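Residue-level structure breakdown
As a plain string of letters, each chain reads:
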Amino acid sequence: MEPRVNKAFEANNRLTTARDASVSASYLNLKLQELYVVQEFQEKVQGKIRKQMREKELA
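Everything in this summary refers to the structure shown in the same document. (Residues numbered from 1 in each chain as written. Predicted model: local features only at pLDDT ≥ 70, side-chain atom pairs only at ≥ 80, totals over all residues. Heavy atoms only, no water.)

A few words now on a positive patch on the surface. Judged by side-chain charge, Lys48, Arg50, Lys51 and Arg54 come together as a positively charged surface patch. In this structure, Lys51 sits in helix 2 (residues 25-58). (Patch = residues over 30% accessible without salt bridge, like charges linked within 9 Å, V, L, I, M, F, W, Y side chains within 5 Å. Areas by Shrake-Rupley, 256 points an atom, 1.4 Å probe, with all protein chains shown as cover. Salt bridge = Lys/Arg side-chain N within 4 Å of Asp/Glu carboxyl O. Lys, Arg positive; Asp, Glu negative; His and termini not counted. Charge placed at Lys NZ, Arg CZ, Asp CG, Glu CD. Helix = DSSP H or I, 4+ residues; strand = E, 2+ residues; numbered from the N terminus.)

And the structure:
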């Protein structure tokens, strides 16, 4: 997913250079951090679901 974000960042900045507009590198870094946090959260949720399913099977 990170390569897609980087590619979109670069494409956006290429398209907007004629208008003297761009997305800053700090914004890109914040969005990548957000991506990592969301991914980590989803992994934890999936882990809890799997644990609950195993506990149901054992009960």
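And the narrative resumes.
Our focus in this paragraph is the side chain of Asn13. Relative to the helices and strands, Asn13 resides in helix 1 (residues 2-16). By relative accessible area, which is 15% here, Asn13 ends up buried. At 2.6 Å, the side chain of Asn13 and the backbone nitrogen of Val23 are in polar contact. When residues no more than four places from it in sequence are discounted, the contact partners of Asn13 are Ser22 and Val23. (Buried < 20%, exposed > 50% of the residue type's maximum accessible area, 1.4 Å probe, protein only. Polar contact = N/O pair within 3.5 Å; in protein donor to acceptor, adjacent residues only side chain to side chain. Contact = heavy atoms within 4.5 Å.)

Once that is clear, we can look at helix 1. Taking 1.5 Å of rise per residue, the 15 residues of helix 1 would be expected to cover 21 Å, and the 21 Å separating its terminal C-alpha atoms lies within 8% of that figure. Along helix 1, the positions that sit buried rather than exposed are Phe9, Asn13 and Thr16. Projected onto a plane normal to the axis of helix 1, the buried residues spread over an arc of 75 degrees and lie on a single side. Those residues of helix 1 that are exposed and angled more than 90 degrees off the buried face are Pro3, Arg4, Lys7, Arg14 and Leu15. On its buried side, helix 1 packs onto helix 2. (Expected span 1.5 Å × (residues − 1). Arc of directions from axis to C-beta.)

Where nonpolar side chains cluster on the molecular surface, the patch consists of Phe41, Val45, Ile49 and Met53 and spans about 370 Å² of accessible area. Relative to the elements of secondary structure, Phe41 occurs in helix 2. Taking relative accessible area as the criterion, Phe41 reaches 57% and is therefore assigned exposed.

Moving on, we get to unusual backbone geometry. In this structure, Asp20 is a non-glycine residue whose phi angle is positive, near 55 degrees. Residue position: Asp20 is located in the loop between helix 1 and helix 2.

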